[in-house]
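Inside the fold
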Amino acid sequence: SRLPAIVCVADADGTVSLLEGQGLEGVGRRPGEGVGQSFGGALRDLPIHPLPLALALDGQEQLLATTAAGRAFDVHYLPTRDDAGAVVRVVAVAVD
């Protein structure tokens, strides 16, 4: 099945290390586009927004309903921690 979702991983320094998913088609983007860039620029025009991503990098799980390219998305921002409890990355999943 082709789940219309977008998965983004941002490392602790804010660099996008993964941007994939069938949902990218619906917002005019390609998988991998923006990888290696800071999340502020890489996520432009996507349903994954910089502010909740920054809050998740601070350790606060976020849930957001938003739109992009005329489509509605539910976006979950989940901080991933190391054994010491420090946030090492955020996984954001946007489902159309």
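Keep in mind that what you see is a predicted model, and the values were worked out from it rather than measured.

What the chain contains, in helices and strands, is 3 helices and 5 strands. Along its sequence from the N terminus, the chain presents helices and strands in the succession β-β-α-α-α-β-β-β. Overall size of the chain, expressed as C-alpha extent along the three principal axes, is 40 × 25 × 25 Å. The contacts of the chain with a sequence gap of at least 6 include a subset with a gap of at least 24, amounting to 34%. For the chain, the computed accessible surface area is about 5,100 Å², with 51% contributed by carbon and sulfur atoms. Within the chain, one finds 7 positive and 12 negative side-chain charges whose respective centroids are separated by 7 Å.

Within the largest apolar cluster, 23 residues are counted, with the highest numbers of intra-cluster contacts made by Ile6, Leu19, Leu43, Ile48 and Tyr77. If one sorts the elements of this core by residue count, strand β5 (residues 87-95) sits on top with 4 residues. Apart from residues no more than four positions distant in its own chain, Leu43 is found in contact with Cys8, Val16, Leu19, Arg29, Ile48 and Leu53.

Another aspect to go through is helix α3 (residues 50-57). Along α3, the residues classified as buried are Pro52, Leu53, Ala56 and Leu57. Seen along its axis, α3 keeps its buried residues to an arc of 145 degrees; they face one direction. Gly59 sits one or two positions beyond α3 and adopts a positive phi of about 100 degrees.

What follows concerns the environment of Gln22. As for its placement among the helices and strands, Gln22 is situated in the loop between β2 (16-20) and α1 (23-26). Counting along the chain gives 74 residues from Gln22 to Asp96, while the straight-line C-alpha distance between them is 9.9 Å. Ignoring sequence-local partners within four residues, the contact set of Gln22 consists of Arg2, Leu3, Pro4 and Ala5.

Let's shift gears to the pairing of β5. As paired strands, strand β1 (residues 5-11) and β5 are joined by 7 bridges and run antiparallel to one another. Counted as the bridge partner of Val7 is Val93 from β5. Relative to β5, strand β4 (residues 71-81) runs antiparallel, the two sharing 8 bridges. From the neighbouring strand, Leu78 faces β5, where its bridge partner is Val91. Here β4 folds back onto β5 in antiparallel fashion, the turn holding 5 residues, of which Gly85 has a positive phi close to 95 degrees.

Calculation criteria
Residues numbered from 1 in each chain as written. Predicted model: local features only at pLDDT ≥ 70, side-chain atom pairs only at ≥ 80, totals over all residues. Heavy atoms only, no water. Helix = DSSP H or I, 4+ residues; strand = E, 2+ residues; numbered from the N terminus. Contact = heavy atoms within 4.5 Å. Areas by Shrake-Rupley, 256 points an atom, 1.4 Å probe, with all protein chains shown as cover. Lys, Arg positive; Asp, Glu negative; His and termini not counted. Charge placed at Lys NZ, Arg CZ, Asp CG, Glu CD. Core = buried A, V, L, I, M, F, W, Y, C linked by side-chain atoms within 4.5 Å. Buried < 20%, exposed > 50% of the residue type's maximum accessible area, 1.4 Å probe, protein only. Arc of directions from axis to C-beta. Pairing = 2+ DSSP bridges.

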